Amino acid sequence: VVVANMLGIKKKAFVEDRTWDYQVWNQPIRSYKVTKNTVVTAQKANQLVCAGVDPEPADCNSETYAFNDKATELRHIKMTLKWIGEPHQDLDGNLADVIDDYTNEDKYEYILEIDRDGKLIGGEWIGASKRNHPDFLWAGVSKTDTEVAVPKVKLKEDDLSPANGDFVDLGS
């Protein structure tokens, strides 16, 4: 939902932390494509959400959706998300001509929950996406300074040299 709203409707860039269980790496999102958008029954949605859960919860075959009682419509969504990875640390400058070399993709699958007014109210990751999904998304709001990476303090050569020619032992 956020991807479609930000990139598709608002044409605004944003960043994701791709992994929910590892250190934070901010990856810019380049594009997305919904490859499946199908209405499913509550029973089918329950089965998809429960698949691979051991032991399987008792309500996985219920005809009533077990994960959000306000959901009146359920959709099975598959989406491909393209993101930009980091170039080698020795590479510098504008990479626009080779950006495809640094573009990667992840595939996500989830159940989208919609209420009786047609509003999106939630969802559940399914399949491999239960463990392989973004931890969070973020977008810049405003830029307050037009300069980039300009130090606020002017450093002198003395500031970059060890005092009296010796480095301080910081321990280990």
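Higher on the page you've got the structure.
Remember, predicted model here, so these are calculated numbers, not experimental data.

Trainee: Which parts of the structure should I look at to understand the pattern of salt bridges?
Mentor: Oppositely charged side chains can form a pair if their charged atoms are brought close together. All told, the structure shown has four salt bridges when counted by the stated rule. For Asp106, the salt bridge identified is with Arg18, shortest N-O distance 2.8 Å. Taken together, the residues span a long stretch of sequence, with Asp106 in strand E4 (residues 103-114) and Arg18 in the loop between strand E1 (15-17) and strand E2 (26-40) at a distance of 88 residues. In this structure, Glu73 engages Arg75 in a salt bridge whose closest nitrogen and oxygen atoms are separated by 2.8 Å. On the basis of relative accessibility, which here comes to 27%, the residue Glu73 falls in the partly exposed class.

Trainee: Any chance you could explain the sheet that holds strand E5 (residues 120-125) here in plain terms?
Mentor: Two strands in a sheet stick together by hydrogen bonds in their backbones, pointing the same way (parallel) or opposite ways (antiparallel). Spatial ordering of the open sheet is given by E5-E4-E3-E2-E1-E6, a layout of six strands whose pairing is antiparallel. Each edge of the open sheet carries a strand with a single partner, namely E5 and strand E6 (136-138). Here the average twist between neighbouring strands, direction ignored, is 40°. Inspection of the sheet shows E1 paired to E2 by three bridges, in the antiparallel sense. In the strand pairing of E2, Asp17 is matched with Asn26. Lying on the sheet, helix H1 (residues 2-9) is in contact with E2, strand E3 (73-84) and E6; it crosses E2 at an angle near 115°.

Trainee: Just to check I follow, could you spell out a nonpolar patch on the surface for this structure?
Mentor: A surface patch of nonpolar side chains, amounting to about 270 Å² of accessible area, comprises Val24, Phe136 and Trp138. When you line up the elements, Val24 lands in the loop between E1 and E2. Residue classification places Val24 among the partly exposed residues on the basis of a relative accessible area of 48%.

Trainee: Teacher, can you tell me more about the packing of aromatic side chains here?
Mentor: Within the structure shown, the criterion is met by three aromatic pairs. When the ring of Tyr110 is compared with that of Trp125, the centres are 5.8 Å apart and the planes differ by 80°; the resulting orientation is edge-to-face. With a gap of 15 residues between them, Tyr110 in strand E4 and Trp125 in strand E5 connect regions that are remote in the sequence. Tyr110 sits in the buried class, given a relative accessible area of 13%. Trp125 gets classed as partly exposed once you look at its relative accessible area, which sits at 31%.

Definitions and limits used
Residues numbered from 1 in each chain as written. Predicted model: local features only at pLDDT ≥ 70, side-chain atom pairs only at ≥ 80, totals over all residues. Heavy atoms only, no water. Salt bridge = Lys/Arg side-chain N within 4 Å of Asp/Glu carboxyl O. Helix = DSSP H or I, 4+ residues; strand = E, 2+ residues; numbered from the N terminus. Buried < 20%, exposed > 50% of the residue type's maximum accessible area, 1.4 Å probe, protein only. Pairing = 2+ DSSP bridges. Axes fitted to C-alpha atoms, helices over the stretch in contact; angles between N-to-C directions. Contact = heavy atoms within 4.5 Å. Patch = residues over 30% accessible without salt bridge, like charges linked within 9 Å, V, L, I, M, F, W, Y side chains within 5 Å. Areas by Shrake-Rupley, 256 points an atom, 1.4 Å probe, with all protein chains shown as cover. Phe/Tyr/Trp six-rings, centres within 6.5 Å; stacked < 30°, edge-to-face > 60°.

Keep in mind these numbers describe shape, not what the thing actually does.
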